[in-house]
Amino acid sequence: MILPIVGVGLGLFLFFLYLGVPVLPMLVIVGIVVAVWYFSGSNLKAGSQWKNGSSHDQRNAIPNIRFTDIGGQTRAKKELMEALDFLIEQEKMNEYGIRPLKGILLTGPPGTGKTLMAKASAHYSNAVFLTASGSEFVEMYVGVGANRVRQLFERARKTAKKQKKNRAVIFIDEIDVIGAKREGSQHKEYDQTLNQLLTEMDGIKKSEIPIFVIAATNRKDLLDAALTRPGRFDRHIAVDLPDKNGRAHILSLHTKGKPIHEEVDLDKVANETFGFSGASLESLVNEAAIYAMRDESVYIESKHFSQAVDKVLMGEQTDRTTTLEDKTRVAVHELGHALIAELLEPNSVAQVVLTPRGQALGYVRHHPKNDRYLHTKEQLENQIMICLAGTAAEETWFQNRSTGAKNDYEQAIRLCKTMIETGLSSLGIIDTTLVVPDELSKEIAHILDALYQQTFCLTKKHHSFFADCLNILLIEERLDGDQFRSLLAQELAS
Amino acid sequence: MTKQVKTIIVSLVVTLIVLFGGYKGYQYFKIDKPIKDVFLTQQKNISISKIKFNPSSVQIQLNVKPTYSYIDEFPSLTKQLNEILGEGKWSITFTNTQTPTIKQAWKEIVFGLKEGIYTGRYTLIQSVTKHIANKYHLSYDVYMDDQYVYLMLRDGNKSWYQILPMKEVK
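Residues numbered from 1 in each chain as written. Chains lettered and ligands numbered in written order. Predicted model: local features only at pLDDT ≥ 70, side-chain atom pairs only at ≥ 80, totals over all residues.

If you check an unreviewed UniProt entry, chain A appears there as AAA family ATPase from Shimazuella alba. The UniProt entry for chain A carries this comment under Cofactor (unreviewed entry): "Zn(2+)". (UniProt positions renumbered as here; feature names shortened; annotations may be inferred.)

(A) A look at the interface of chain B and chain A. Across the contact, 12 residues belong to chain B and 11 residues belong to chain A. Here the side of chain B that touches chain A is composed, by residue class, of eight nonpolar, four polar and no charged. (Contact = placed C-beta atoms within 7 Å. Nonpolar A, V, L, I, M, F, W, Y, C, P; charged D, E, K, R; others polar.)

(B) Main features of the environment of B:Ile84. Residues and elements named next belong to chain B. Among the structural elements, Ile-84 can be located in helix H2 (residues 70-85). The class for Ile-84 is partly exposed, based on 16 C-beta atoms found within 10 Å. Separated by 53 residues in sequence, Ile-84 and Ile-31 place their C-alpha atoms 8.2 Å apart. Beyond its immediate stretch of four places on either side in the chain, Ile-84 contacts Pro-34 and Val-38. (Helix = DSSP H or I, 4+ residues; strand = E, 2+ residues; numbered from the N terminus. Buried ≥ 20, exposed ≤ 12 C-beta atoms within 10 Å, placed from the backbone.)

(C) Highlighting helix H4 (residues 122-135) of chain B. Residues and elements named next belong to chain B. When the terminal C-alpha atoms of H4 are compared, their 20 Å separation across 14 residues agrees well with the 20 Å that a helix rising 1.5 Å per residue should span. Turning to H4, its buried residues are Ile-125, Val-128, Thr-129, Ile-132 and Ala-133. Viewed end-on, H4 has its buried residues packed into an arc of 120 degrees, placing them on one side of the element. Of the residues in H4, the exposed ones pointing more than 90 degrees away from the buried face are Thr-123, Ser-127, His-131, Asn-134 and Lys-135. Check the buried side of H4 and you find it contacts helix H3 (100-119), strand S4 (139-144) and strand S5 (148-155). Just past H4, the residue His-137 takes up positive phi, approximately 55 degrees. (Expected span 1.5 Å × (residues − 1). Arc of directions from axis to C-beta.)

(D) Region of the structure containing the pairing of strand S6 (residues 349-353) of chain A. Residues and elements named next belong to chain A. With four of its five residues buried, S6 lies for the most part within the structure. For S6 and strand S7 (residues 363-366), the ladder comprises four bridges, and the chain directions are antiparallel. When the bridges of S7 are listed, Gln-351 appears paired with Arg-365. Where S6 meets strand S8 (residues 478-480), three bridges bridge the pair, whose relative direction is antiparallel. Bridge assignment links Val-353 to a residue of S8, and that residue is Arg-478. (Pairing = 2+ DSSP bridges.)

(E) The arrangement of the nonpolar core in detail. All names here are of chain A. Membership of the largest hydrophobic core comes to 51 residues, with the highest contact counts inside it found for Val-169 and Ile-170. Residue assignment for this core shows that the elements contributing at least two residues are helix H3 (74-88), strand S1 (103-107), helix H5 (114-124), strand S2 (128-133), helix H6 (144-162), strand S3 (168-173), helix H7 (188-202) and strand S4 (211-217). Ignoring any residue separated from it by four or fewer positions in sequence, one finds Val-169 in contact with Ser-121, Ala-122, Ser-125, Ala-127, Val-128, Phe-129, Phe-212 and Ile-214. Val-330, Ala-331, Val-332 and Ala-393 belong to the second largest nonpolar core, which has 38 residues in total. (Core = buried A, V, L, I, M, F, W, Y, C linked by C-beta atoms within 7 Å.)

(F) Seen up close, the packing of helix H11 (residues 278-294) of chain A against helix H12 (residues 302-314) of chain A. Residue and element names in this part refer to chain A. Relative to each other, H11 and H12 sit at 125 degrees, their axes nearing to 8 Å. Viewed along their axes, H11 and H12 adopt a mutual orientation that is oblique. For the pair H11 and H12, the sense of crossing is right-handed. The residues of H12 that touch H11, namely those facing Ser-280, Ser-283, Leu-284, Glu-287, Ala-288, Tyr-291 and Ala-292, are His-304, Phe-305, Gln-307, Ala-308, Val-309, Lys-311 and Val-312. Here the residues of the contact of H11 with H12 sort into eight nonpolar, four polar and two charged. (Axes fitted to C-alpha atoms, helices over the stretch in contact; angles between N-to-C directions. Parallel < 35°, antiparallel > 145°, perpendicular 65-115°, else oblique. Left-handed = near helix turned anticlockwise from the far one by under 90°.)

(G) Representation of H2(B). Compared with the 22 Å implied by 1.5 Å per residue over 16 residues, the 21 Å span of H2(B) between its first and last C-alpha is a close match. Just past H2(B), the residue B:Gly86 takes up positive phi, approximately 95 degrees.

(H) Main features of the confidence of the model for chain B. Chain-level statistics for chain B give a pLDDT mean of 87 and a share of 98% at 70 or above. Interface scoring of the predicted complex returns ipTM 0.76; its pTM is 0.54. (pLDDT = per-residue confidence, 0-100.)

As structure tokens, this is what we get:
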């Protein structure tokens, strides 16, 4: 609408110039009018035409991301590519009488690359590609959301027709905003928006241009059943946290073009980063590069990755000063964790650190050997003992406890609950909702008490070991896994 | 070329066609043609050299043959021009060449003539013209109506014409 006005204005300007009319005052007036119009925002009336820019064919605007650029997620990528192949090879699909897929729901924890996959889909399928975010449909005015859904689908069809394409892809990010379960009469507006989306995806009205909807959410549990049924979102693709190989692939992608030292073993870094999402890994590489820059090092070295892992896991190193007494207590506490971890799971300690980072005053970093998804009772008990080891060490050395173990207890209790829920406690296989909280509490206390006694015995047995390590840790503020193990080997030998 | 640039160019071209088309059309139908129609009756003696138009006034350049009885016939044409273009909205200049004598004579006449118009002493116009014309042995003719003073100076077979508005001087 604004473009023809620009042309007409220019024409008028040239005409007045020809007539010899003074144009400068006119230009000033026009400038003032344009400025007032622009800043008053009068061009954005509620419920009016949705801003065109927000959902234009955005294939060209999207960075050039391909499926090969996405690390890990092999299964999710394969499924998504297959669904898109249906769009591309429609003739073949017709031969088999396959009904075209209506939509794909990408679910998974934040930062796992759902949006990235949608971007890659845009390149992969040579279709009209529109994107919208769930929150774009929400406005304080009733009916606007539904109208916007209509407009989005209408625009997809029109653009496809205009570009002479027989398919269109719409990507809706964070669909849980509009696709939440319809319950009660609280959110009529959200219901209308959702109803419109349902109708557009699979309603009575049929269109000659099939529209394929890709939606992403990290709250699949919130979505309305009508939205997740086959015929709407036919396939639900879980984009989970990457496994070790996935992490290694992601790291290799993010380290491309960065001066990585040849000694850096990305597989080892991948091994140490269990539970990291794609976004965390990207952040990790970035942080490592920042550390290398701070050190004015030519290459990003292993130590920078190690610092970056700590940074991403625990937060930035703080310059909080502590008294020697507190520092000693923290050192003993962390040595306790490390001692028990090493005794129960040899070669698991990567580092014992005494520098405050994030909320922690010190910490022990373990390296998981393999990605573990299942745990035995013994493994869980070992984990609980490692959690309780800090307190046990404090009690061994100082004959008292401190408040520093709050997080350890929370973690231990969580593990106890897992044991009870999975039938690994003395209660047997039970439905936790039917058990009296008191009984649960007693069982947790029982497990914790028994394991604490075991832990305390171990720390007491190795009392002298604390004396050996404490001075080194207090001075150096850091004990490497190998260093720690050699000290422990001496202790065990004696 | 992007769609946006195309839209701007098309709207610019359409605007220019409409504006300049309208302007030239108005000039032709409302200015040029009526003026030519006025002088059509006198086309044997008067030819239009140029018509210059701008939104506030029209300037007409004429070439008049020596045989034309300027004083008798021209006042009726100015009345017609007033009706078409409006009073004071037009001016006429003559492209007839001045001989050196006429040029010198006009330099002297112009003082008395303008003084006569300005002060309302219209007999001064007549007396000054007569005096200077006789001084340079020129034949002359002078006439005034309620709006203009018409002057003709003749040196041999060359004539020179002048028309001066009374209101403009005042």
